[in-house]
Amino acid sequence: DDDSDGAPAPPLDHSAPPLPSGIPPMSPSRIRHNLDSVRAMFTHAYDSYFYNTAPHPDLSPLSCSPGDFALGRIPYLTLVDALDTLLIMGNYTEFARDVERLRGEHVRAGGDGTGMASGGDGND
């Protein structure tokens, strides 16, 4: 649930603009329950991706095998998509670990680790 180094995730800001009329507000306990449910669902999907599919771009949910997403020819595409969620959930250690994993993949694919492909001038 919390960052793997034991530090608790920062408190979430529950203040939000007022809801349109007719939508009942949620109680703090319902908000906490929903946040915990979303965190558990994300963690399940994230862990399943690494256990069953990584570094393939996506996971087929029914077979738990690498998917066949035609546009997903980028290794770890699902991981790239998950980075912002890791930050929002306060899991900074896993975020940093995944950035390093992606940096290593970039270097193995011929990049120099700076974000530009080797020999490129950045104007491609």
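These figures come from a predicted structure and were not determined experimentally.

A. Representation of the confidence of the model for the chain. For the chain, the mean per-residue pLDDT works out to 76, and 66% of the residues sit at or above 70. Across the chain, element-level confidence peaks in helix 1 (residues 28–52) with a mean pLDDT of 90 and bottoms out in strand 1 (residues 59–60) with 76. Predicted confidence for residues 113–124 stays below pLDDT 50, and this span has 13 contacts to residues more than four positions away or in other chains.

B. The arrangement of unusual backbone geometry in detail. A cis amide bond, omega 10 degrees, links Ala-54 with the succeeding residue Pro-55. With respect to the helices and strands, Pro-55 occurs in the loop between helix 1 and strand 1.

C. Inspection of the packing of aromatic side chains at higher detail. Enumeration over the complete set of coordinates arrives at three aromatic pairs. Ring centres of Phe-42 and Tyr-46 lie 5.6 Å apart, and the angle between their planes is 25 degrees; this geometry places the pair in the stacked category. Highlighted residues: Phe-42 and Tyr-46, both in helix 1, separated by four residues, approximately one helical turn. For the pair shown, Phe-42 and Tyr-46 are each scored as buried. Between Tyr-46 and Phe-50, the ring centres sit 5.1 Å apart and the planes meet at 65 degrees, which makes this aromatic pair edge-to-face. Of the two residues, Tyr-46 and Phe-50 both sit in helix 1, four residues apart, roughly one turn of that helix. Among the residues examined, Tyr-46 registers a relative accessible area of 11% and is labelled buried.

D. Representation of the packing of helix 1 against helix 2 (residues 77–88). Helix 2 packs onto helix 1 with a crossing angle of 150 degrees between their chain directions and a minimal axis gap of 11 Å. Taken together, helix 1 and helix 2 sit at an angle that is classed as roughly antiparallel. For the pair helix 1 and helix 2, the crossing hand works out as left-handed. Taken together, the residues of helix 2 that come into contact with helix 1 (itself represented by Phe-42, Tyr-46, Tyr-49 and Phe-50) are Leu-77, Thr-78, Leu-79, Ala-82, Thr-85 and Leu-86. Residues that form the contact of helix 1 with helix 2 fall into these classes: eight nonpolar, two polar and no charged.

E. A look at the pattern of salt bridges. Taken as a whole and judged by the stated rule, the model has four salt bridges. For Asp-36, the salt bridge goes to Arg-32, with nearest N and O atoms at 2.8 Å. Taken together, the positions of Asp-36 and Arg-32, both in helix 1 and four residues apart, correspond to about one turn of that helix. A residue is classified by how much of its surface remains accessible, and Asp-36, at 37% relative accessible area, is partly exposed. On the basis of relative accessibility, which here comes to 41%, the residue Arg-32 falls in the partly exposed class. Of the charged contacts in the structure, one is a salt bridge between Glu-100 and Arg-103, with a shortest N-O distance of 2.4 Å. With a gap of three residues between them, Glu-100 and Arg-103 both fall in helix 3 (residues 92–108), about one helical turn apart. Judged by relative accessible area, Glu-100 falls into the partly exposed class, the value being 46%.

F. Representation of the environment of Thr-78. By secondary structure assignment, the location of Thr-78 is in helix 2. Classification of Thr-78 by relative accessible area gives partly exposed; the value is 29%. On a C-alpha basis, the gap between Thr-78 and His-56 in space is 8.3 Å, while along the polypeptide they are 22 residues apart. Each residue touching Thr-78, except ones within four places of it in the same chain, is listed here: Tyr-49, Pro-57 and Asp-58.

Cut-offs applied
- Residues numbered from 1 in each chain as written.
- Predicted model: local features only at pLDDT ≥ 70, side-chain atom pairs only at ≥ 80, totals over all residues.
- Heavy atoms only, no water.
- pLDDT = per-residue confidence, 0-100.
- Helix = DSSP H or I, 4+ residues; strand = E, 2+ residues; numbered from the N terminus.
- Contact = heavy atoms within 4.5 Å.
- Phe/Tyr/Trp six-rings, centres within 6.5 Å; stacked < 30°, edge-to-face > 60°.
- Buried < 20%, exposed > 50% of the residue type's maximum accessible area, 1.4 Å probe, protein only.
- Axes fitted to C-alpha atoms, helices over the stretch in contact; angles between N-to-C directions.
- Parallel < 35°, antiparallel > 145°, perpendicular 65-115°, else oblique.
- Left-handed = near helix turned anticlockwise from the far one by under 90°.
- Nonpolar A, V, L, I, M, F, W, Y, C, P; charged D, E, K, R; others polar.
- Salt bridge = Lys/Arg side-chain N within 4 Å of Asp/Glu carboxyl O.

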